[in-house]
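# Architecture and fold: a report
Listed below, chain by chain, are the residues.
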Amino acid sequence: MTRAIGEAAARRQARNSAAFWAATGKSRGHEVVRRRGFLAVLGDERAGTRFLVQEPDLDPAELAELTELAEQAGGPVDAEDPFGATDLGHLGFRNWQMPVMVREPGPVAPPAMHVTRVRQPQDLYAAERMVIGGFGLDRFEPHRPGELFPRALLEQPGVDVFLAVLDGEPAGACVTVVDEGIGSLYWVGTPAEHRSRGVGRAVMLGSLAPMAELPVTLTASRLGRPLYESLGFTALTDSTWWASK
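Now for a quick tour of the structure. Keep in mind the model is a prediction, meaning the values are calculated, not measured.

## Topic: the overall build of the chain
Along its length, the chain carries five helices and eleven strands. Classification of the 245 residues of the chain by burial places 54% in the buried group. Restricting the contact set of the chain to residue pairs at least 6 apart, pairs at least 24 apart contribute 69%. Put simply, the chain shows about 11100 Å² of open surface, and 50% of that area lies on carbon and sulfur atoms. Averaging the positions of the 25 positive and the 31 negative side-chain charges in the chain gives two centres separated by 4 Å.

## Let's talk about the environment of His143
Checked against the element boundaries, His143 lands in the loop between α3 (121-135) and β7 (159-166). A relative accessible area of 24% places His143 in the partly exposed class. Sequence-distant contacts of His143, that is, excluding residues within four places in its chain, are made with Tyr125, Glu128, Arg129 and Ile132. A distance of 2.8 Å separates a polar atom in the side chain of His143 from a polar atom in the side chain of Glu128.

## Structural notes on the nonpolar core
By size, the foremost hydrophobic cluster in this structure holds 29 residues, and its most contacted members are Phe149, Val175 and Trp187. When residues in this core are grouped by element, the largest group, six residues, is from α3. Once residues lying within four places of it in the same chain are set aside, the contact partners of Val175 are Phe20, Phe149, Val159, Asp160, Val161, Ser184, Leu185, Tyr186 and Trp187. Ranked by size, the runner-up nonpolar core spans 23 residues in total, among them Met204, Leu208, Tyr228 and Leu231.

## Some thoughts on the pairing of strand β9 (residues 182-189)
Among the eight residues in β9, seven count as buried, and that is most of the element. Here strand β8 (residues 169-179) hands over to β9 after two residues, with Glu180 in that stretch at a positive phi of 55°. Strand direction decides the pairing type here: β9 and strand β10 (residues 216-219), joined by two bridges, are parallel. Residue pairing in the sheet places Ser184 in a bridge with Thr217 of β10. With helix α4 (residues 199-208) bridging β9 and its parallel neighbour β10, the resulting β-α-β unit is right-handed.

Reading guide: rules and limits
- Residues numbered from 1 in each chain as written.
- Predicted model: local features only at pLDDT ≥ 70, side-chain atom pairs only at ≥ 80, totals over all residues.
- Heavy atoms only, no water.
- Helix = DSSP H or I, 4+ residues; strand = E, 2+ residues; numbered from the N terminus.
- Buried < 20%, exposed > 50% of the residue type's maximum accessible area, 1.4 Å probe, protein only.
- Contact = heavy atoms within 4.5 Å.
- Areas by Shrake-Rupley, 256 points an atom, 1.4 Å probe, with all protein chains shown as cover.
- Lys, Arg positive; Asp, Glu negative; His and termini not counted.
- Charge placed at Lys NZ, Arg CZ, Asp CG, Glu CD.
- Polar contact = N/O pair within 3.5 Å; in protein donor to acceptor, adjacent residues only side chain to side chain.
- Core = buried A, V, L, I, M, F, W, Y, C linked by side-chain atoms within 4.5 Å.
- Pairing = 2+ DSSP bridges.
- Right-handed = clockwise from strand over helix to strand, strands pointing away.

In structure tokens form, the structure reads like this:
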């Protein structure tokens, strides 16, 4: 695998992640800062601040501004660097790596359970609960409906939320973003009580179907990677993630 292929995958993920988090920040009423080398969403004490590195060569002024914004943050700070080239160790953050995976256009099998594209507030809040539980997002507890996924998120161009239903109950969810001809998946979550029942696969298939004719990217967890590989995703490079806690 050539370095050029890995960098192309990283750039796809960087651009799509920026589109997703800009849409999320706008829907929450949070300030979005755009620079050549990074995008930042300055959230509150629960949502936190998010950085999306956009280039592998942040200049000193950009790194200084990112550092200042991180130090001024009122809540947790997370940073995503698909290029793995920006060192944020001076902030005292922990870091880890996750693979950036790409699925080329191709047919998608139907899911084994009902997966719906969310349109109604009650379904949006159910999807929100699935993601909070699936990712252990304790910062959003006690639950405030619409805090993680505001209704305005559904009005953002290219953004869709999907909800899987098993035995009449919400069981899993995810978000997709289509931007500049590239699709990507975020927050693919299944709470513990619904795992090992095919929910993750179902919500992936249901959300991939509308993007079948597009290349699709995602950043995979260690546990999720086998599922994504079985659905046609290939790991092309590693993304470095940083978190304040």
